[in-house]
Amino acid sequence: MADIVVPSVIFSGTELTGPAIDRLSRRIGDLNDIFHDKAALAAMPAAQTVYEVASYFPVPDGTEAGLFFGITYIHPGKVGNEYFMTKGHFHKLRDRGEMYMTIEGEGMLILMDENRQTHAEKMYPGSLHYINGHIAHRTVNTGNTILTFSAVWPSDAGHDYDTISTEGFSKILIEKDGKPALVENNL
Ligand code: PAN
Ligand code: ZN
């Protein structure tokens, strides 16, 4: 290997580019089980993008003690009175933590422990969020512009989406009187 190597993966501050970037989109049609207002959901185009993730996986998934890097872009919007948000997950290896940093936009990080105790942290440009292991996490765009944040997580963390898809979070973030409100999920 040459002494000096120029990385081919570049993070411009908002865009992640390079040959090894993994990109995924989550659309309305992929998110049927996370939004509570099913009638509002059915009235929206299934192909409408809710969020996108660009990730850099420098080591194979499952590698012990490696790290992954990802940028999430949540579009502004609502389904009924519920803001656009990510699916949310626990890590498959429950004790694995994660770090988020907000790049642009405004939002909320919803955090729920294994006893279903839920609270939220405000996200704003520069806000840093340490997510302990054993905590389910979901992000919500509460603004009128795109919410962009970076994430770094262990390459052996894995994602458990099933628990959230069947049980949900105990609280949901809705717009109430023009403002975000974290309310009990009674559904
Ligand atoms: C993030 C999330 C990303 C998308 O990179 O995977 O924001 O959210 P969902 O995975 O819940 O759809 C992360 O937490 N990785 O572990
Ligand atoms: Zn995670």
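Preceding block: the structure.
These numbers come from a predicted model, not from an experiment. Position labels on residues start from 1 in each chain and follow its written sequence. Whichever chain is written first is A, and whichever ligand is written first is 1; the rest continue in order. Only residues with pLDDT of 70 or above have their local features reported here, since the model is predicted, and side-chain atom pairs are shown and tallied only from 80 upward, although totals for entire chains, interfaces and linings are computed over all residues. Hydrogens and water molecules were not included; the side-chain quantities draw on all heavy atoms of the structure.

A.B. asks: With reference to specific residues and values, describe the layout of surface pockets.
C.D. replies: With a 1 Å grid spanning the protein atoms alone, the term cavity applies to any set of points in which a 1.4 Å probe fits but cannot get out, the term pocket to an open set with protein on both sides within 12 Å along at least five of seven lines, and the term lining residue to any residue with an atom within 4 Å of a point. Grid points are joined across faces, edges and corners, and a volume is the space filled by probe spheres set on the points. Of the voids in this model, the largest pocket is the one considered here, and its volume is about 500 Å³. We count a stretch as a helix when DSSP gives it H or I for four or more residues in a row; a strand needs E for two or more, and each element gets its number in order from the N terminus. Of all the elements in the fold, those that place two or more residues in the lining of the largest pocket are strand S3 (21–27), strand S4 (49–56), strand S5 (67–74), strand S9 (98–104), strand S13 (136–141) and strand S14 (147–154). Here the lining of the largest pocket takes four residues from S14, the largest share from any one element. Here the second largest pocket defines a volume of roughly 190 Å³. Forming the boundary of the second largest pocket are 15 residues, of which Asp33, Ile34, Gly168, Asn185 and Leu187 lie nearest the centre. Looking at which element gives the most residues to the lining of the second largest pocket, the answer is helix H2 (residues 162–167), with three residues.

A.B. asks: Tell me about the coordination of the zinc ion (ligand 2), and please be specific about residues and values.
C.D. replies: Think of the donor list as every N, O and S atom within 2.8 Å of the metal, or within 3.2 Å for Na, K and Ca; water never makes the list, so a site can look incomplete. Bound to the zinc ion (ligand 2) on the protein side are His89 (NE2), His91 (NE2), Glu98 (OE) and His137 (NE2), at distances that span 2.1 to 2.3 Å. Every geometry call rests on angle ranges, with four donors termed tetrahedral when all angles are between 85 and 135 degrees, four termed square planar and six termed octahedral when opposite donors are over 155 degrees apart and all others are between 65 and 115, and everything else termed irregular. Relative to the metal, the six donor atoms surrounding the zinc ion (ligand 2) lie at angles of 74 to 173°, and the coordination shape comes out octahedral. In terms of primary sequence, the donors binding the zinc ion (ligand 2) are separated according to H-x1-H-x6-E-x38-H. A residue pair is termed long-range when its members are at least 10 positions apart, and glutamate 98 in strand S9 and histidine 137 in strand S13 qualify at 39 residues. Each member of the pair, glutamate 98 together with histidine 137, is buried. Classification of residues uses two cut-offs on accessible area relative to the type maximum, computed with a 1.4 Å probe and protein chains only: under 20% is buried, over 50% is exposed, and between them is partly exposed.

A.B. asks: Could you give an account of the packing of aromatic side chains, naming the residues involved and the relevant values?
C.D. replies: Only the six-membered ring of Trp is used, alongside the rings of Phe and Tyr, when aromatic pairs are assigned; centres must lie within 6.5 Å, and planes under 30 degrees apart are stacked while those over 60 apart are edge-to-face, with the rest tilted. Considering all chains together, one arrives at six aromatic pairs under this definition. Both rings, one in phenylalanine 35 and one in phenylalanine 84, keep their centres 6.4 Å apart while their planes meet at 55°; by these two values the pair is tilted. Note that phenylalanine 35 is positioned in the loop between S3 and helix H1 (38–42) and phenylalanine 84 in the loop between strand S7 (82–83) and strand S8 (90–91), a separation of 49 residues in sequence. Neither residue differs from the other here; phenylalanine 35 and phenylalanine 84 are each classed as buried. Between phenylalanine 57 and tryptophan 153, the aromatic rings sit 6.5 Å apart at their centres with planes inclined by 85°, giving edge-to-face as the arrangement. Taken as a pair, phenylalanine 57 in the loop between S4 and S5 and tryptophan 153 in strand S14 lie far apart in primary sequence, 96 residues in all. One aromatic cluster in this structure is built from Phe57, Phe68 and Trp153.

A.B. asks: Give me the lowdown on the nonpolar core, citing residues and values where you can.
C.D. replies: Counting 36 residues, the largest nonpolar core has Ile28, Phe35, Val50, Val79, Phe84 and Val140 as its most contacted members. Those elements that place two or more of their residues in this core are H1, S4, S5, strand S10 (107–112), S13 and S14. Among the elements that make up this core, the one with the highest residue count is S10 (five residues). Apart from the residues lying within four places of it in its own chain, the contact partners of valine 140 are Ile74, Tyr83, Phe84, Met85, Glu106, Gly107, Met108, Ile110, Leu147 and Leu173. We define the nonpolar core as a collection of buried residues of types Ala, Val, Leu, Ile, Met, Phe, Trp, Tyr and Cys that are connected through side-chain atoms lying within 4.5 Å of one another. Counting seven residues, the second-largest nonpolar core is a separate cluster that includes Ile21, Ala54, Tyr73 and Ile103. What makes two residues a contact is simply this: any of their non-hydrogen atoms within 4.5 Å.

A.B. asks: Residues and numbers for the sheet that holds S10, please.
C.D. replies: The rule for pairing is simple: two strands pair if DSSP sees at least two bridges between them. Across the sheet, which stays open at both edges, the three strands sit in the order S11-S10-S13 with antiparallel pairing between neighbours. A strand with exactly one partner marks an edge of an open sheet, and here the two such strands are strand S11 (118–123) and S13. Here the average twist between neighbouring strands, direction ignored, is 25°. Note on geometry: axes are C-alpha line fits, over the in-contact stretch for helices, and angles between N-to-C directions span 0 to 180 degrees.

A.B. asks: Can you explain the environment of aspartate 33? Please cite residues and give values.
C.D. replies: By secondary structure assignment, the location of aspartate 33 is in the loop between S3 and H1. For aspartate 33, a relative accessible area of 44% translates into the label partly exposed. The spacing of aspartate 33 and leucine 182 is 149 residues in sequence and 19 Å in space, taken between C-alpha atoms. Residues contacting aspartate 33, with those up to four places away along its chain left out, are Lys38 and Ser165.

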